[in-house]
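# Residue-level structure breakdown
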Amino acid sequence: MSIFKAILGICETKPLAETAWEASNGTATVDLKAAAVLADKGGAAYLKGKGLAKPVLVIRGDDGRLYAYQDRCTHGGRKIDPLPGEGKLKCCSVNHSTFDYDGKPLSGPAKHNITRYETEESADRLVIKLS
Ligand code: FES
C-alpha cells in the first residue's frame, strides 16, 4: 500500500455488488454464488448500505473459513483489509494496527478487539448475525 493511500485510509477491499447480498432483521445474507471474490483464500469484500448501521468486512481467511467484522479499526476508525498469507487483518492507516481472525489486536496502537460477527456458512450462502 502506498503512503498516500495509508494517509487517506484507503483500503484494497472493494464493496460487494448489491445484488449479492441483503440485510434484514439484524442479519446480512451473502449469496456466495454471486460473490466470486469470496471463493478463494484471501478474498474480501465489504457490505455497506441497505440499512446496515456500520459497514461489514467479509473475508475468506487463510484457513478457508469466512469471517465477518465491523469494518472499523478500534484505534481511529479506519477501514480494514485482510493480509492474505499472514492469517491476520490490517487497518488501512499509517499506523496499520493488525488483528487476528478473532479480532484481537496484535500490533499497532489499537488496544481493543474489532467486532467479529457470528456467521453461519452453507454451500451457497453466508448468514452474518449483526446483533
Ligand atoms: S485507525 Fe487503525 S491504527 Fe489508527
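The name recorded for the chain in an unreviewed UniProt entry is Rieske (2Fe-2S) protein, from Candidatus Dehalogenimonas loeffleri.

A word on the state of the cysteines. For the coordinates displayed, the defined rule picks out one disulfide. Shown here is the disulfide that connects Cys11 with Cys92, its sulfur atoms set 1.9 Å apart. As the torsion about the S-S bond is roughly 110°, the Cys11-Cys92 disulfide counts as right-handed. Remark: Cys92 occurs in the loop between strand 7 (88-91) and strand 8 (98-99) and Cys11 occurs in the loop between helix 1 (3-8) and strand 1 (21-24); sequence separation between them is 81 residues.

Under the criterion given, the structure shown has seven salt bridges. Put simply, Glu121 and Arg60 hold a salt bridge, and the shortest N to O gap is 3.1 Å. Linking Glu121 in strand 10 (residues 116-121) with Arg60 in strand 4 (residues 56-60), this pair joins segments that are 61 residues apart in sequence. Residue Glu121 is classed as partly exposed on the basis of its relative accessible area, which comes to 42%. You can call Arg60 buried: its relative accessible area is 12%. Linking Glu118 and Lys129 is a salt bridge whose minimum nitrogen-to-oxygen distance equals 3.6 Å.

What counts as what
Residues numbered from 1 in each chain as written. Predicted model: local features only at pLDDT ≥ 70, side-chain atom pairs only at ≥ 80, totals over all residues. Heavy atoms only, no water. Disulfide = S-S within 2.5 Å. Helix = DSSP H or I, 4+ residues; strand = E, 2+ residues; numbered from the N terminus. Salt bridge = Lys/Arg side-chain N within 4 Å of Asp/Glu carboxyl O. Buried < 20%, exposed > 50% of the residue type's maximum accessible area, 1.4 Å probe, protein only.

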